[in-house]
Amino acid sequence: MYLFCKISAYSLTWFNNNFGSTSFYFQCTGLYCKLGETAADAKFVVRETNVPSALGSNQVKVQVKACALSPLDIKLHEDLKFQRDLVPVGREIVGIVLQVGPKVTFFQPDDEVVGILPLDTAMSGLCDAVVINEHHLVQKPEKLSWVEAAGAIRDGLRAYTALHTLARMASGHTLLVLDGASPFGVLSIQLAHYHGVKVLASALSSEDQKFLEQLRPSVARVIGVWDAKVDLVDSCLEETGGLGVDIVMDSGGLRGVCVCVVSPVRLHEEEPEARCLLPYKHDIITLIGVGGHWVTTEQNLQLDPPDSRSLFLKAASLSFLNEEVWGASSARQGRYLHIMKDIVEKLSTGTLRPQLEDPVPLYDATVSMEMVQKNQVRKRLVIQL
């Protein structure tokens, strides 16, 4: 399956006849998700889309060199009522600027850039070239590789959003990262270490525990919840002298081959066997200290009155992590770009070291995305164009 860009002669003739010779479209072939009646019915297909050759005032045309694959949140697209049957796949891109609009001030042709396509984009990041607003891109440091830049930009943004924006992380705090060996968890641990935070992390398997114990700077305590003899709450309270942790952060649901896992928090008693390693919400509330913060990715989390009362007595807070909010308001655009610039700088200096699978060729993109969507890939997967 070879993805490529071509100029449609028919489109060129039609646009020349109707709008003049200076305006026509490229037909670009990319990967899309074809929605079904349910999320399980969704399929990934290769389709062509039109990319305008005439750029808007602040638009940039980028030749894509690498694109990371992340699970597609179909429910979010339904909630936002985009009303389309094909959802573009692959939004974390890195590449070379080919062309800039008349009012673009940040970039010029041949600049190397990294960014995230907006949620409402019509283009797949696996197209040979994409058109994107300049305010969704930042310069890529020269010594940072294409694959690392694409593979870490989203997880880095999530880590910054969770720790800085939501939890107000500060030196001396104690942080618990659930499923610390996930791509998001690893970058969160490294970012917290950089700011002088004491880090505890849970491991879902003996392999994860070995990996986390070898991380440098080292994790203060790796809690192997895969071992039935280990209790998460007791371990955290023991490590903090009974005071509890300042920040608890669940790190997404990449849990081997278990499709049902959405977030490392068990909501109810009746759970599939694969989720037995995840803590109950009551456990998390118990191990939070006074004035602590719980940052969760669980969209369907519900708190009972006793749970709310416990949080109230501790003056603790609960925040929902949704990194897509950065594109929802232009008022936050400056902070969004600042975060992405800081991420790529820390990647280039080695402060952040993402966990990536070996780069995948373009012809394996469909199969690879199916594996990503089913949570069958443990590390972040990047397609190299």
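Residues numbered from 1 in each chain as written. Predicted model: local features only at pLDDT ≥ 70, side-chain atom pairs only at ≥ 80, totals over all residues. Heavy atoms only, no water.

## Things to note about the overall build of the chain
Item 1. Along its length, the chain carries ten helices and 17 strands.
Item 2. The long-range share in the chain, meaning contacts at least 24 apart out of those at least 6 apart in sequence, stands at 69%. (Helix = DSSP H or I, 4+ residues; strand = E, 2+ residues; numbered from the N terminus. Contact = heavy atoms within 4.5 Å.)

## Notes on the confidence of the model for the chain
Item 1. Taken as a whole, the chain shows an average pLDDT of 84; of its residues, 86% reach a score of 70 or greater.
Item 2. Taken together, the stretch residues 253-262 has pLDDT below 50 and engages in 37 contacts with residues farther than four places along the chain or on a different chain.
Item 3. This stretch, residues 268-274, has a pLDDT under 50; its non-local contacts, to residues over four places away or in other chains, come to six contacts. (pLDDT = per-residue confidence, 0-100.)

## Observations concerning the pairing of strand β11 (residues 198-203)
Two faces make up the sheet, and in a regular strand the side chains alternate between them.
Item 1. Burial analysis of β11 places five of its six residues in the buried class, the great majority of the element.
Item 2. The pairing of strand β10 (residues 174-178) with β11 spans four bridges and is classified as parallel. In the strand pairing of β11, T174 is matched with K198.
Item 3. Once the chain exits β10 it traverses helix α4 (residues 183-194) before rejoining the sheet at β11, and the crossover so formed is right-handed.
Item 4. The sheet contact formed by β11 and strand β12 (residues 221-224) spans four bridges and is parallel. Bridge pairing in β12 links L200 to R221.
Item 5. At this point the chain moves from β11, through helix α5 (residues 206-213), to the parallel β12, and the crossover so formed is right-handed. (Buried < 20%, exposed > 50% of the residue type's maximum accessible area, 1.4 Å probe, protein only. Pairing = 2+ DSSP bridges. Right-handed = clockwise from strand over helix to strand, strands pointing away.)

## Considerations on the packing of aromatic side chains
Item 1. Inspection of the entire model under this criterion finds two aromatic pairs.
Item 2. On the numbers, 6.3 Å between centres and 85 degrees between planes, the contact of F106 with F107 is edge-to-face.
Item 3. What makes F107 buried here is its relative accessible area of 7%.
Item 4. Aromatic side chains W326 and Y336 sit 6.4 Å apart centroid to centroid with 10 degrees between the ring planes, which places their arrangement in the stacked category. Of the two residues, W326 is situated in the loop between β15 (317-320) and α9 (333-349) and Y336 in helix α9; the sequence distance between them amounts to ten residues.
Item 5. Residue classification places W326 among the buried residues on the basis of a relative accessible area of 1%.
Item 6. The aromatic ring of W146 is capped on one face by K140, whose charged end is 4.7 Å from the ring centroid.
Item 7. Here the basic side chain of R158 rests over the ring of F184, its NZ or CZ set 4.4 Å away from the ring centre. (Phe/Tyr/Trp six-rings, centres within 6.5 Å; stacked < 30°, edge-to-face > 60°. Lys NZ or Arg CZ within 6 Å of the ring centre and 35° of its normal.)

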